[in-house]
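A structural walkthrough
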Amino acid sequence: MHTAKKLELLTVLGAIVILTYITAISTVALYEIDTPPDDIDRIIKVTGRQFFWTFEMPDGTISNEIRIKTGETILFEIRAEDVIHSFFIRELAIKQDAVPGHVETLWIRVDKPGEYNILCAELCGTGHTFMTTKLIVTE
Amino acid sequence: MSESEKTEIPKEEQKEHPPFYLSLKRILTTTHHKDIGVMYIVTSFFFFFLAGVSALFLRAELARPGEQIIEAAVYNSLLTLHGSTMIFLWIIPVFVGFANYLLPTMIGAKDMYFPKLNALGFWILPIAGALFWLGRPGIGWTGYAPLSVIDPGIGVDMWILAMHLVGTSSIIGAFNFIATIFKLRKPGMSLKTMPIFVWSMVVTSFLVLAATPVLAIVLSLLLLDRNFGTGFFLPGPGGDPILWQHLFWFYSHPAVYIMILPGMGLISEIIPRLARKTLYGHYTMVLSLVLIGVLGFAVWAHHMFTSGLSISARIPFMFMTMAIAIPSGIKVFNWVATMYGGRLKLEVPMLFAISFVGTFIVAGVTGVFTASIPIDYALHDTYFVVGHLHFILFGASTQAVFAALYYYFPYMTKKMYNQSLAKLHFIGTSIGLYLTFFTFTALGLEGMPRRVVDYLPELMPLNQIATFGAIIIAISQLVLLYNMLHSWLKGRKAEDDPWQLAKYGLRDYD
Ligand SMILES: [Cu+2]
Ligand SMILES: [Cu+2]
């Protein structure tokens, strides 16, 4: 059984190396994703309510969908009015919970024009499924 | 006959009695650990089927986009009931049932240390079940505040009460297991030589005792918020919704291990016997159980990677979550090493044990994905997580129960079940579970959020595959139900040594 012990030790060491590597690259990536760049073009205020999203543009206009240009750096300030929602841009594979009493941030820069689905990812009541809208990106 | 007299009856005499379940009076008054164990197992199976039916309604609704057969409010109630019932009335109590049945015998005790308390722990469960199902709130089994605070009606209050009851039942059970293990062990059985299943119950019971009081606190705060306007979880009065998440997951992450460690224990008893060998690495098995138990308390915030915690708060949790994969990996290695070179005859319990190991690996690998915070940004609160948790709770935990049921059934009922039907159950369960839960992970990668009653039309094919898989799982469980009931009533008599262990110099504890 000596070989089995060696094999087990090798497996454990291998797992430690792989997991450490994953943790390290995840940490680096996390800092990149979570640190907004200095050249923010626009700040859009996002508010989640039962059961719709509203967006306030820098000029004060309020809308139910988001229109941005490709290459624009957008910082979202995310709030919730009543219960927890989660601001989820499906095709960008990114989300940030909207928590009552908190202001959370999320930044994006989209290079591909098109329509992106905005969903709610946190169960917020009977209308949760239908708390959807669009992010429209034009050239 | 008084209860204390009954527990005194020696085993040989007791065997001549008719089984306890033939008399209603004895069902209501028994405190014998084997009777209580069987009652736990049967009751948990009832709830397993009930929660399974609610899952079928969810899958039927999702077979097509658009609201089809149930409206959103009912859908939310059903998903809450499915989760709460499967966790608190199926997985947790069914393992308590096996522990009741097996543990005293394994350590050479006549009964549990507190037999009456043991019966109380069982009788709390049906009441909790009734409260869950009469209340039917639509807040999800995680009950996130403030949704759970502002939800009108008394459904949430009944849910809170039911959760308090299952928590109390767990604490009673854990306290009793620890007392039994440390006080009633037969002379000569040291902690070193104690069977792995008993060790798994030591660790599980300490997890219950340390974590469940926190659940009781957070539930009580919610009850106060709802009925006395305290505002612990509301931002206006100075509270914070995130507080719920910290306290809830401080309990509910260790609870994941409460739901899997006993299964690992059972598997560690079954695999060596059916491989006709001894368990490889007894010491590392115990060590990894203890390590998982300890690390399990330091990973709770991995459920909150998108809640807005600071980077420096989240990175240690990512690190710890990755670290817990190591002791889990050691266990997998030891199970495989035990099977290697064994005389496997692929009896049904062994098939389920092998499948347990396989799904546990899948669950672990999908878990590493969600443990990486940047990847979790994409996967959190999507069907990927739903797939991952079902690989653990159905793939691993539930299949461990099946392995144990098929292994101990001849001891429990003195009857043997139909082998072909049992194999059919195994094949159906395997196909169904991979079809359903791999499809869930694919849906998650496609960005389908969890707990939705409708979805983008392009996701229909995957959803239909998942529904089809769920139907296969359901039909397979009907095979199990028929096989167990029919064999229990009319099956052929089991042999005294149903797994022919004696000729390999092995024995069971029964
Ligand atoms: Cu929502
Ligand atoms: Cu967890």
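Model, not experiment: these values are computed from the prediction. (Residues numbered from 1 in each chain as written. Chains lettered and ligands numbered in written order. Predicted model: local features only at pLDDT ≥ 70, side-chain atom pairs only at ≥ 80, totals over all residues. Heavy atoms only, no water.)

1. Here's the deal with the overall build of chain B
- Summing up its helical and strand segments, chain B has 19 helices and 0 strands in all.
- What you see for chain B is a C-alpha radius of gyration of 22 Å, in line with the 24 Å of a compact globule of 510 residues.
- Dimensions of chain B, computed from the C-alpha atoms along their principal axes, are close to 65 × 45 × 45 Å.
- Of all intrachain contacts in chain B linking residues separated by at least 6 positions in sequence, the fraction that spans at least 24 positions is 82%.
- Of the roughly 18,700 Å² of accessible surface on chain B, a fraction of 70% belongs to carbon and sulfur atoms.
- Computed over 33 positive and 27 negative side-chain charges, the inter-centroid distance for chain B is 10 Å. (Helix = DSSP H or I, 4+ residues; strand = E, 2+ residues; numbered from the N terminus. Rg over C-alpha atoms; globule rule 2.2 N^0.38 Å. Contact = heavy atoms within 4.5 Å. Areas by Shrake-Rupley, 256 points an atom, 1.4 Å probe, with all protein chains shown as cover. Lys, Arg positive; Asp, Glu negative; His and termini not counted. Charge placed at Lys NZ, Arg CZ, Asp CG, Glu CD.)

2. Here's the deal with the pattern of salt bridges
- Per the stated rule, a full pass over the model turns up 15 salt bridges over all chains.
- In this structure, the salt-bridge partner of E65 of chain A is R67 of chain A, at a minimum N-O distance of 3.0 Å.
- Between E458 of chain B and R90 of chain A there is a salt bridge, with the nearest N and O atoms lying 3.3 Å from each other. Taken together, the positions of E458 of chain B in the loop between α18 (419–445) and α19 (460–490) and R90 of chain A in the loop between β6 (85–89) and β7 (94–98) put the pair across two chains.
- For E458 of chain B, a relative accessible area of 54% corresponds to the exposed category.
- Because the salt bridges share partners, they merge into one network encompassing R90 and E91 of chain A together with E446 and E458 of chain B. (Salt bridge = Lys/Arg side-chain N within 4 Å of Asp/Glu carboxyl O. Buried < 20%, exposed > 50% of the residue type's maximum accessible area, 1.4 Å probe, protein only.)

3. Remarks on the coordination of the copper ion (ligand 1)
- Taken together, C120 of chain A (SG), E122 of chain A (O), C124 of chain A (SG) and H128 of chain A (ND1) make up the protein donors of the copper ion (ligand 1), found 2.1 to 2.5 Å from the metal.
- Around the copper ion (ligand 1) sit 4 donor atoms, and with donor-metal-donor angles ranging over 85 to 128 degrees the site reads as tetrahedral. (Donors = N, O, S within 2.8 Å, 3.2 Å for Na, K, Ca; no water. Tetrahedral: all angles 85-135°; square planar, octahedral: opposite > 155°, others 65-115°.)

4. Considering the domain arrangement of chain B
Residues and elements named next belong to chain B.
- Along its sequence, chain B is carved into domain 1 (23–259) and domain 2 (263–505).
- Just the C-alpha atoms count here: the centres of domain 1 and domain 2 sit 19 Å apart.
- Every contact between the two is made by 56 residues of domain 1 and, on the other side, 57 residues of domain 2.
- Looking at the side of domain 1 facing domain 2, the largest losses of area belong to R59, F98 and I196, adding up to 15% of the total buried there.
- Linking domain 1 to domain 2 there are 0 salt bridges.
- Scanning the region where domain 1 abuts domain 2 turns up 19 residue pairs in polar contact (both at pLDDT 80 or more).
- At the level of elements, α4 (33–61), α5 (72–106), α9 (196–228) and α10 (241–258) are the ones that each hand at least two residues to the side of domain 1 that touches domain 2.
- Sort the elements by how many residues they give to the side of domain 1 that touches domain 2 and α5 lands first, with 14 residues.
- Broken down by class, the residue content of the side of domain 1 that touches domain 2 amounts to 41 nonpolar, 10 polar and 5 charged. (Domains from an automatic or database assignment. Buried area = accessible area lost by both parts, 1.4 Å probe. Polar contact = N/O pair within 3.5 Å; in protein donor to acceptor, adjacent residues only side chain to side chain. Nonpolar A, V, L, I, M, F, W, Y, C, P; charged D, E, K, R; others polar.)

5. Here we look at the interface of chain B and chain A
- Of the residues lining the interface, 55 residues belong to chain B; the matching set on chain A comes to 47 residues.
- In this assembly, chain B packs against chain A so that about 4,100 Å² is buried in total across both faces, 66% of it on carbon and sulfur atoms.
- Considering only the side of chain B, the residues that lose the most area to chain A are Y280, F333 and Y377 of chain B, jointly responsible for 15% of the buried surface there.
- At the boundary of chain B and chain A, one finds 3 salt bridges.
- Taken together, chain B and chain A are joined by 15 residue pairs in polar contact (both at pLDDT 80 or more).
- For the side of chain B that touches chain A, the secondary-structure elements that each account for two or more residues are α5, α7 (147–150), α10, α13 (311–323), α14 (325–339) and α16 (373–379) of chain B.
- Classifying every residue of the side of chain B that touches chain A by side-chain character gives 32 nonpolar, 13 polar and 10 charged.

6. Quick look at the coordination of the copper ion (ligand 2)
All names here are of chain B.
- Within the protein, the copper ion (ligand 2) binds to H253 (ND1), H302 (NE2) and H303 (NE2); these donor distances fall in the range 1.6 to 2.2 Å.
- Each donor residue of the copper ion (ligand 2) lies on the same chain, and together they follow the pattern H-x48-H-H. Of this pair, H253 sits in helix α10 while H302 sits in the loop between α12 (282–295) and α13, and the two are 49 residues apart along the sequence. The same class applies to H253 and to H302, which are both buried.

7. Things to note about the environment of F384 of chain B
All names here are of chain B.
- Mapped onto the fold, F384 is located in helix α17 (residues 383–413).
- Judged by its relative accessible area of 5%, F384 is buried.
- With 17 residues separating them along the chain, F384 and G367 place their C-alpha atoms 9.7 Å apart.
- Contact partners of F384, with chain neighbours within four places excluded, come to T366, F369, T370, L379, F440, T441, G444 and L445.

8. Section: the sheet that holds β7 of chain A
Residue and element names in this part refer to chain A.
- The 5 strands lie next to each other as β4-β10-β9-β6-β7, forming an open sheet whose pairing is mixed. Where the open sheet ends on each side, the last strands, each with one partner, are β4 (66–69) and β7. Adjacent strand axes in the sheet meet at a mean angle of 20 degrees, parallel and antiparallel pairs treated alike.
- One ladder, built from 5 bridges, connects β6 with β7; its direction is antiparallel. Its bridge partner being in β7, F88 is matched across the sheet by K95. (Pairing = 2+ DSSP bridges. Axes fitted to C-alpha atoms, helices over the stretch in contact; angles between N-to-C directions.)

9. Considering the packing of α4 of chain B against helix α6 (residues 115–135) of chain B
All names here are of chain B.
- Closest axis-to-axis distance for the α4/α6 pair is 9 Å, and the angle between their directions is 15 degrees. Classified by the angle their axes make, α4 and α6 are roughly parallel. With respect to the hand of their crossing, α4 and α6 are arranged in left-handed fashion. Residue-level contacts link H33, I36, M39, Y40, T43, F47, L50 and S54 of α4 to N118, A119, G121, F122, W123, L125, P126, G129 and W133 of α6.
- Among the residues forming the contact of α4 with α6, the class breakdown is 11 nonpolar, 6 polar and no charged. (Parallel < 35°, antiparallel > 145°, perpendicular 65-115°, else oblique. Left-handed = near helix turned anticlockwise from the far one by under 90°.)

10. Some words on the sheet that holds strand β5 (residues 73–80) of chain A
Residue and element names in this part refer to chain A.
- Spatial strand order, β3-β2-β1-β5-β8: 5 strands in an open sheet with mixed pairing. Looking along the sheet, the strands with just one partner apiece sit at the ends: β3 (62–63) and β8 (104–109).
- Pairing geometry for β5 and β8, over 6 bridges, is antiparallel. If you follow E77 over to β8, its bridge partner there is T105.

11. Quick notes on the domain arrangement of chain A
- For chain A, the assigned domains are domain 1 (1–35) and domain 2 (42–138).
- Here domain 1 of chain A and domain 2 of chain A have C-alpha centroids that lie 35 Å from each other.

12. Observations regarding unusual backbone geometry
- Going from Q50 of chain A to F51 of chain A, the amide bond is cis rather than trans, its omega being 0 degrees.
- Position of F51 of chain A relative to the elements: it lies in the loop between β1 (42–49) and β2 (52–56).
- Here the amide bond leading from A145 of chain B into P146 of chain B is cis, since omega sits at 0 degrees, within 30 degrees of zero.
- The backbone phi angle of L346 of chain B is positive, close to 50 degrees, even though this residue is not glycine.

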